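# Notes for the structure review
Chain by chain, the residues run as shown.
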Amino acid sequence: MSILVALAFGAQATALERPQGLLWNRSGLPATIPLQIKTTDTADYLLRLRGLDSGEMALAAYIRGGDFFRVLVPPGVYELIFASGREWQGETLLFGTDTDAFQLEPPLRFVATATRREGYLIDLRTPEAITIRSLATCDRRAVDPDSLRGTRNPEDYVIGPPERRDRPERPDKIPFARYEVQGRFCD
């Protein structure tokens, strides 16, 4: 009997397994700039970034409502387009007939320099009062202490110009320090 009812009224699309995080990055650029979004558990969200210059979709990510969400995005100026709902039905149908869609204004500029990545923290928990604030990470270079210990391969030393690299005086006392880049929130 239920098959006849489904045929008579049209079968409703069934919910798919909910993805999580980055779905794709079609920008051709490395995703290095932070975007953090706060939500409630009343709905899930599909986030798409459309390049302001190109009009092309650059990135898509799925946000499970109420869960911590952070994604790295490529540098550029983007329109942030959201779709929300409860039952995920794929990128084509989104959340079915119950899909709510909105776009944040104004477009946001994501910038990366040699030591700083400037992104955003967006709070969607109160739909009438969405807040957007800057969120930046800064790089700090820290010396790897193991690179300064013990005897090293002569190729690891920087003593002087290449023709004087193998100075016999004390080649084991001037190792080449290796650095580790550590990202941290700044400002």
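Residues numbered from 1 in each chain as written. Predicted model: local features only at pLDDT ≥ 70, side-chain atom pairs only at ≥ 80, totals over all residues. Heavy atoms only, no water.

Right, let's talk about the pattern of salt bridges for a bit. On inspection of all chains with the given rule, the structure shows five salt bridges. Notably, a salt bridge pairs E118 with R116, separated by 3.0 Å at the nearest N-O pair. A relative accessible area of 23% means that R116 is categorised as partly exposed. (Salt bridge = Lys/Arg side-chain N within 4 Å of Asp/Glu carboxyl O. Buried < 20%, exposed > 50% of the residue type's maximum accessible area, 1.4 Å probe, protein only.)

The next subject is unusual backbone geometry. Cis geometry is adopted by the peptide bond preceding P106, which originates at E105 and carries an omega value of -5°. Within the secondary structure, P106 sits in the loop between strand 7 (100-103) and strand 8 (108-112). At L94, a position not held by glycine, the phi torsion is positive, near 55°. Following the sequence through the fold, L94 ends up in the loop between strand 6 (76-85) and strand 7. Relative accessible area serves as the criterion here: at 13%, L94 is assigned to the buried category. (Helix = DSSP H or I, 4+ residues; strand = E, 2+ residues; numbered from the N terminus.)

Chain-level statistics for the chain give a pLDDT mean of 83 and a share of 76% at 70 or above. In this model residues 1-11 is a low-confidence stretch, pLDDT under 50, and it forms one contact with partners more than four residues away in sequence or in other chains. (pLDDT = per-residue confidence, 0-100. Contact = heavy atoms within 4.5 Å.)

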